[in-house]
Amino acid sequence: MSATIDQPVIEACDLSVGYKNRPVARHLNFSCHAGQFISLLGPNGAGKTTLLRTLSRHLPPQGGGVRVQGRSLESLSAMELARIMAVVLTDKIAPPLFTVFEFVALGRYPHTDYLGRLGTRDRVAVTSSLAAVHALDLANRPFADLSDGERQKVLMARALAQDPRVLLLDEPTIHLDLKHRVEVMAILRDLCRNKGITVIASLHDVDIAAKVSDRVALIRDGGIVAWDTPETALSRQAVTALYDFDKAEFNRHLGGIELRGAGDRGRAFVVGGMGSGALIYRMLTKKGFTIATGVVHENDLDCFVARSLGAECVAVGPMEPIDNAAVDRAKTLLAACDLVVDCGFPVGPVNEANLALMQAALERGATMLSLRDGLPPGLRVNKGDTPVLFTDAGHLIEALETFQFHRPLPVHGEEVQCIP
Ligand code: ADP
């Protein structure tokens, strides 16, 4: 039977996976369609590899079943399955004494004669598989000499040489550096888009998965807790629950994870907004400060980052002017802080009320660091106040590394000229 357009390429019906006397995940129901990139996400031991091994018939189902292009998985002959599905597992393989071309050619076995002789079509297939993973230049190299990143691409090329409709990969980026990690993900995405291959991959990087996947499966507690688009499935709460985050938070607007800090260094009030605060919030968090900030707008990057970092954040609605009530709330937070950082936000009608916060800090004699080459006009700086100006966020944070409260700052910036 050939697949129709709407027919799932793979369908799990009440599938249970696991090992003898060791169920891992039960009652799984899902379908995978042509050209979809599906990421399996979940903590270690959740059952991602076990599921991939079951889908590829390396393990028998413990219950229920799998249909592949409308036929039950167990009814397919080894050759029929190999023409539909290729698998790249993480097991470190003993490097064979082949060239890369010869190694990739092994993937042609479902298409060659019983002696494994390569015809012209097979050679073309091997060459185009190597081209698809940007590894043509490796063709004559000994497989054993390859780096981890090169080897991963060649393993993918061998799988592609099978000319499969489905590619299953177990942690395809696990041993790779960032460059190869990104490259492998881009290659897989292109295989889905350009060749209509269905990719099912277990991944550790939830942020990369969010960016490339058409569907994500969140696996934990013996089941699939969500199978949906990443935009729907990867809510802050869902990712926190999936990985049992304590000091981290996933933010889908930012498409990444924010790491919270110890918060034991003191309290910093950050006058931010208009995207000026995000970098400073992260730096202060890294250095162990607890953050309060304001007044920002709800749709501002700063608001997303601050909240993901667990900051107390005074915010007003998008496009709304900053009102007195919001400024007063921010002043209350500021009064309880050991340090004030002005992020150098651009000042305009929508946020000029925040200058009152800087003025309040100056009047309190608070330690204030400012990321500008001059304070905005209108602020009154009295003798004895010591706001310190920095033009570079890195220098500001360097100064904080040795900062002791109630002691003069080691200054990388210049002290502001005080009014006599
Ligand atoms: P993941 O890929 O999500 O990290 P796995 O599928 O590798 O998780 O493992 C799921 C569970 O199955 C784990 O508790 C693991 O210890 C167990 N497990 C893995 N391989 C075997 C095996 N060969 N026999 C018995 N249990 C296994």
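Keep in mind it's a predicted model, so treat the numbers as computed, not measured. (Residues numbered from 1 in each chain as written. Predicted model: local features only at pLDDT ≥ 70, side-chain atom pairs only at ≥ 80, totals over all residues. Heavy atoms only, no water.)

**Section: the sheet that holds strand E3 (residues 37-41)**
Reasoning step 1: Ordered by their spatial adjacency, 6 strands build an open sheet running E6-E7-E8-E3-E9-E10, and the pairing between neighbours is mixed. Of all strands in the sheet, those with a lone pairing partner are strand E6 (85-88) and strand E10 (223-228), marking the two edges. Each neighbouring strand pair of the sheet contributes to a mean axis angle of 15°, computed without reference to strand direction.
Reasoning step 2: By the bridge criterion, 4 bridges tie E6 to strand E7 (residues 166-170) in an arrangement that is parallel. Within E7, the position partnered with alanine 86 by the bridge is leucine 167.
Reasoning step 3: Packing of helix H1 (residues 48-55) onto the sheet brings it into contact with E3, E6, E7, strand E8 (198-202) and strand E9 (215-220), and relative to E7 it is tilted by some 150°.
Reasoning step 4: Across the sheet, helix H6 (residues 178-195) lies against E3, E7 and E8, angled at about 135° from E3, the strand it touches most. (Pairing = 2+ DSSP bridges. Helix = DSSP H or I, 4+ residues; strand = E, 2+ residues; numbered from the N terminus. Axes fitted to C-alpha atoms, helices over the stretch in contact; angles between N-to-C directions. Contact = heavy atoms within 4.5 Å.)

**Observations concerning the domain arrangement of the protein chain**
The figure often quoted for interface size is the accessible area lost as the parts come together.
Reasoning step 1: Segmentation of the protein chain into domains returns domain 1 (10-244) and domain 2 (260-401).
Reasoning step 2: The straight-line distance from the C-alpha centre of domain 1 to that of domain 2 is 47 Å. (Domains from an automatic or database assignment.)

**Some details on the pattern of salt bridges**
Reasoning step 1: Counted by the stated rule, this structure contains 15 salt bridges.
Reasoning step 2: For arginine 260, the salt bridge identified is with glutamate 249, shortest N-O distance 2.6 Å. One end of the pair, arginine 260, is in the loop between strand E12 (256-259) and strand E13 (266-271); the other, glutamate 249, is in strand E11 (residues 248-251), with 11 residues separating them in the sequence.
Reasoning step 3: In this structure glutamate 249 comes out as buried when scored by relative accessible area, which is 8%.
Reasoning step 4: Between arginine 380 and glutamate 363 there is a salt bridge, with the nearest N and O atoms lying 2.8 Å from each other. Taken as a pair, arginine 380 in the loop between strand E17 (368-370) and strand E18 (388-389) and glutamate 363 in helix H13 (residues 355-364) lie far apart in primary sequence, 17 residues in all. (Salt bridge = Lys/Arg side-chain N within 4 Å of Asp/Glu carboxyl O. Buried < 20%, exposed > 50% of the residue type's maximum accessible area, 1.4 Å probe, protein only.)

**Remarks on the site of the ligand**
Reasoning step 1: In the region of the ligand, the neighbouring residues are Tyr19, Arg22, Val24, Pro43, Asn44, Gly45, Ala46, Gly47, Lys48, Thr49 and Thr50.
Reasoning step 2: At 2.6 Å from an oxygen atom of the ligand is found a side-chain nitrogen or oxygen belonging to threonine 49.
Reasoning step 3: Against a free-state accessible area of 560 Å², the protein chains account for coverage of 62% of the ligand.
Reasoning step 4: Going through the elements one at a time, strand E2 (22-32) and H1 are the ones with two or more residues in the shell around the ligand.
Reasoning step 5: Considering each element in turn, the shell around the ligand owes the most residues, 3 residues, to H1. (Near = heavy atom within 4 Å. Polar contact = N/O pair within 3.5 Å; in protein donor to acceptor, adjacent residues only side chain to side chain. Areas by Shrake-Rupley, 256 points an atom, 1.4 Å probe, with all protein chains shown as cover.)

**Considering the sheet that holds E2**
Reasoning step 1: The antiparallel open sheet is built from 4 strands, whose spatial order is E2-E1-E4-E5. Both edges of this open sheet fall to E2 and strand E5 (71-72), since each of them pairs with a single strand only.
Reasoning step 2: Pairing analysis gives 2 bridges linking strand E4 (residues 63-68) to E5, with the strands arranged antiparallel. Residue pairing for E5: arginine 67 is matched across the bridge by serine 72.

**So, the packing of helix H4 (residues 120-132) against helix H5 (residues 148-161)**
Reasoning step 1: Where H4 meets H5, the axes come as close as 8 Å, and the angle between the chain directions of the two elements is 140°. Comparing the axis directions of H4 and H5 gives the class oblique. In this structure, the crossing between H4 and H5 has a hand that is right-handed. Where H4 abuts H5, its residues Ser129, Leu130 and Ala132 lie against Ala157, Leu160 and Ala161.
Reasoning step 2: Considering only residue class, the contact of H4 with H5 consists of 5 nonpolar, 1 polar and no charged. (Parallel < 35°, antiparallel > 145°, perpendicular 65-115°, else oblique. Left-handed = near helix turned anticlockwise from the far one by under 90°. Nonpolar A, V, L, I, M, F, W, Y, C, P; charged D, E, K, R; others polar.)

**Some details on the nonpolar core**
Reasoning step 1: Among the nonpolar cores identified, the biggest contains 50 residues, and Leu41, Leu130, Leu167, Leu188, Val199 and Leu234 are the most heavily contacted of them.
Reasoning step 2: Looking at this core, the element that brings in the most residues is H5, giving 7 residues.
Reasoning step 3: When neighbours within four sequence positions are excluded, valine 199 is seen to be in contact with Gln36, Phe37, Ile38, Leu167, Leu169, Leu188 and Cys192.
Reasoning step 4: Membership of the second largest hydrophobic core comes to 29 residues, among which are Phe289, Ala315, Leu369 and Ala393. (Core = buried A, V, L, I, M, F, W, Y, C linked by side-chain atoms within 4.5 Å.)

**Some details on the pairing of E4**
Reasoning step 1: Bridge count between strand E1 (residues 10-19) and E4: 5 bridges; the pairing is antiparallel. Looking at the pairing, alanine 12 lines up with valine 66 of E4.

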